[in-house]
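As a plain string of letters, each chain reads:
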Amino acid sequence: MTTVLDVQRYKDEGRHFAMLTAYDFLSARILDEAGIPILLVGDSLGMVMLGHPTTLPVTMDDMLVHAKAVSRGARQALLVGDMPFMSYQVSTEEAVRNAGRFIQEAGMHSVKLEGGGPAIVEITKRLTEIGIPVMGHLGLTPQSVHTMGGFKVQGKTDAQAARILKDAKALEQAGAFSIVLEGMPSKLAASITHELRIPTIGIGAGPATDGQVLVFHDAFGLTTGKAPKFVKRYANLAEDIARAATEYAEDVRTGKFPGPEHEYSTNGSTPAKDPTEVRYGG
Ligand code: KIV
């Protein structure tokens, strides 16, 4: 199983690594078997799974449902539960309780928090001390969408860049095992990556970070329309599904489906031993 020590080793050995988001049992199993070392149950699920315009409405209960499903599907990957808005901002006590739920109830191995101000640094320190590994998240932090005035690239001015670097160092000092750097100039991400001992994981932060992360639906083309600049689409599942759905409907309409091979008979054919093998590919 991938651990936080492996992730540190990747950096120490100069090995770039991939992280992907996962939100359900089957996709987690596919990504895990494909060898993706880190799966993030991101609060982006609010947008790509639940249809909200931002991540702000996502609750701890929403996160736990998806985190539990992912942990049932993954065997090898390091699992990261993303702390949703208002699950850690009120007090360190609440942050500890909610982070603990990710570990105890949902089988996550670590949690991720957005931001790097003194309160978040304090929570990072406390969680690390009690044995809950913390992944930081700096730059474009979607839970602060209203403070940022939209989903905007951060760290473009010298002052902003200096603050993000300072926050990154404070999170490292507090015990974070890695930091996501989102939506920032490549040069800034490169200098943070160079300055830190712990690995950085970029999304819209250029090629120099130690790891890269993409949202499942972006990477595999389930989100439609023009992809953001930082996204590379590795499949076009929305098109494939739409084509397949049209073909299925046409087959039903014309009587081509179900065919004889899809029918059960009263004699002869062996019934399935384990229905899950038949329904979910074992
Ligand atoms: O919620 C999420 O998916 C994330 C990644 C984009 C890093 O935070």
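Refer to the structure above for everything that follows.
Along each chain, numbering runs from 1 in the same order as the chain's sequence is written. Where local features are concerned, this predicted model is filtered to residues with pLDDT of at least 70; where side-chain atom pairs are given and counted, the filter is 80 or more; whole-chain, interface and lining totals use all residues. Note: side-chain values were computed over all heavy atoms of the structure, leaving out hydrogens and water.

### A few points about the overall build of the protein chain
Link 1 in the chain: When helices and strands are counted, the protein chain shows twelve helices and eight strands.
Link 2 in the chain: Principal-axis analysis of the C-alpha atoms gives the protein chain an extent of 75 × 40 × 40 Å.
Link 3 in the chain: Looking at the protein chain as a whole, 47% of its 282 residues qualify as buried.
Link 4 in the chain: Here the contacts in the protein chain between residues at least 6 apart in sequence split such that 58% fall between residues at least 24 apart. In this text, helices come from DSSP runs of H or I with a minimum length of four residues, and strands from runs of E with a minimum of two, each type numbered from the N-terminal end. Burial classes follow relative accessibility: with a 1.4 Å probe on protein chains only, a residue under 20% of its type's maximum area counts as buried, one over 50% as exposed, and anything between as partly exposed. Here, two residues are considered to be in contact whenever any of their heavy atoms come within 4.5 Å of each other.

### Observations regarding the layout of surface pockets
Link 1 in the chain: As a volume, the largest pocket reaches approximately 560 Å³.
Link 2 in the chain: Definitions used for this entry: grid spacing 1 Å over protein atoms alone; cavity, a set of points where a 1.4 Å probe fits but cannot get out; pocket, an open set with protein on both sides within 12 Å along at least 5 of 7 lines; lining residue, one with an atom within 4 Å of a point. What lines the largest pocket is a set of 28 residues, and nearest its centre among them are Pro-142, Glu-182, Ile-203, Val-215 and Phe-230.
Link 3 in the chain: Contributing elements (two or more residues each) for the lining of the largest pocket: helix H3 (45-48) and strand S6 (178-182).
Link 4 in the chain: Residues are grouped as follows: Ala, Val, Leu, Ile, Met, Phe, Trp, Tyr, Cys and Pro are nonpolar; Asp, Glu, Lys and Arg are charged; all remaining types, including Gly, are polar. For the lining of the largest pocket, the residue count by class is 13 nonpolar, eight polar and seven charged.
Link 5 in the chain: Grid points are joined across faces, edges and corners, and a volume is the space filled by probe spheres set on the points. In this structure, the second largest pocket spans a volume of roughly 410 Å³.
Link 6 in the chain: Lining the second largest pocket are 21 residues; nearest its centre among them are Gly-115, Gly-116, Thr-141, Ser-144 and Arg-163.

### Section: the site of the ligand
Link 1 in the chain: Any residue with a heavy atom positioned within 4 Å of a molecule or strand is treated as near that molecule or strand. Around the ligand, the neighbouring residues are Thr-21, Leu-40, Gly-42, Asp-43, Ser-44, Asp-82, Lys-112, His-137, Val-180, Ile-203 and Val-215.
Link 2 in the chain: Polar contact criterion, stated in full: a pair of N or O atoms within 3.5 Å, where within protein one must be able to donate a hydrogen and the other to accept it, and residues adjacent in sequence count only if both atoms are side-chain atoms. Ser-44 places a polar side-chain atom, nitrogen or oxygen, 2.5 Å from an oxygen atom of the ligand.
Link 3 in the chain: If the ligand stood free it would expose 260 Å²; the protein chains cover 95% of that surface.
Link 4 in the chain: Put plainly, a molecule is in a cavity or pocket when over half of its atoms are within 2 Å of the grid points there. Here the ligand occupies the largest pocket.
Link 5 in the chain: When grouped by side-chain class, the residues that make up the shell around the ligand number four nonpolar, four polar and three charged. For every accessible area listed, the method is Shrake-Rupley and the probe measures 1.4 Å; residues are considered covered only by the protein chains on display.

### A word on the packing of helix H4 (residues 60-73) against helix H5 (residues 92-104)
Link 1 in the chain: Their axes nearest at 10 Å, the elements H4 and H5 cross at an angle of 20°. The angle between H4 and H5 falls in the class roughly parallel. Considering how the two elements wind past one another, H4 and H5 form a crossing that is right-handed. Between H4 and H5, the contacting residues are Met-60, Asp-61, Met-63, Leu-64 and Ala-67 on the first element and Asn-98, Arg-101 and Phe-102 on the second.
Link 2 in the chain: Broken down by class, the residue content of the contact of H4 with H5 amounts to five nonpolar, one polar and two charged. Working convention: axes come from line fits to C-alpha atoms, limited for helices to the stretch in contact. Angles between N-to-C directions cover 0 to 180 degrees. The labels follow the angle: roughly parallel below 35 degrees, roughly antiparallel above 145, roughly perpendicular from 65 to 115, and oblique for the rest. Whether a crossing is left-handed or right-handed is set by the direction in which the near helix is turned from the far one by less than a right angle, anticlockwise for left-handed and clockwise for right-handed.

### Quick word on the pattern of salt bridges
Link 1 in the chain: By convention in these notes, a salt bridge is any Lys or Arg side-chain nitrogen within 4 Å of a carboxyl oxygen on Asp or Glu. Evaluation of the coordinates by the stated rule reveals 13 salt bridges.
Link 2 in the chain: Note that Arg-101 and Asp-61 form a salt bridge whose closest N and O atoms lie 3.7 Å from each other. On the criterion of sequence distance, the pair formed by Arg-101 in helix H5 and Asp-61 in helix H4 is long-range, its members being 40 residues apart.
Link 3 in the chain: As a salt-bridge pair, Glu-105 and Arg-101 come within 2.8 Å of each other at their nearest N and O atoms.
Link 4 in the chain: By relative accessible area, which is 25% here, Arg-101 ends up partly exposed.

### A look at the nonpolar core
Link 1 in the chain: Nonpolar cores are built from buried Ala, Val, Leu, Ile, Met, Phe, Trp, Tyr and Cys residues. Side-chain atoms within 4.5 Å join them into one set. Counting residues in hydrophobic clusters, the biggest one holds 56 residues, and the most contacted among them are Leu-39, Phe-102, Leu-127 and Ile-192.
Link 2 in the chain: Residue contributions to this core peak at six residues, all from helix H8 (residues 158-174).
Link 3 in the chain: Once residues within four sequence positions are removed from consideration, Ile-192 is found in contact with Ile-164, Leu-165, Ala-168, Leu-181, Met-184 and Thr-200.
Link 4 in the chain: The next biggest cluster of nonpolar side chains, apart from the first, holds 14 residues, and it includes Phe-17, Ile-38, Val-80 and Ile-201.

### Focus: the packing of aromatic side chains
Link 1 in the chain: The criterion for an aromatic pair is that two Phe, Tyr or Trp rings (for Trp, the six-membered ring) have centres within 6.5 Å, with stacked assigned to planes under 30 degrees apart, edge-to-face to planes over 60 apart and tilted to the rest. According to the stated counting rule, one finds three aromatic pairs in the structure shown.
Link 2 in the chain: When the ring of Tyr-10 is compared with that of Phe-17, the centres are 5.4 Å apart and the planes differ by 45°; the resulting orientation is tilted.
Link 3 in the chain: Seen from their ring centres, Phe-216 and Phe-220 are 4.9 Å apart, and the 75° between their planes marks the pair as edge-to-face.
Link 4 in the chain: For Phe-220, a relative accessible area of 18% puts it in the buried group.

### Topic: the sheet that holds S6
Link 1 in the chain: If you trace the eight strands once around the closed barrel, you get S1-S2-S3-S4-S5-S6-S7-S8, paired in parallel fashion. Strand-to-strand twist across the sheet, computed as the mean angle between neighbouring axes with direction ignored, equals 25°. One bridge is not enough; two strands pair if DSSP finds at least two bridges between them.

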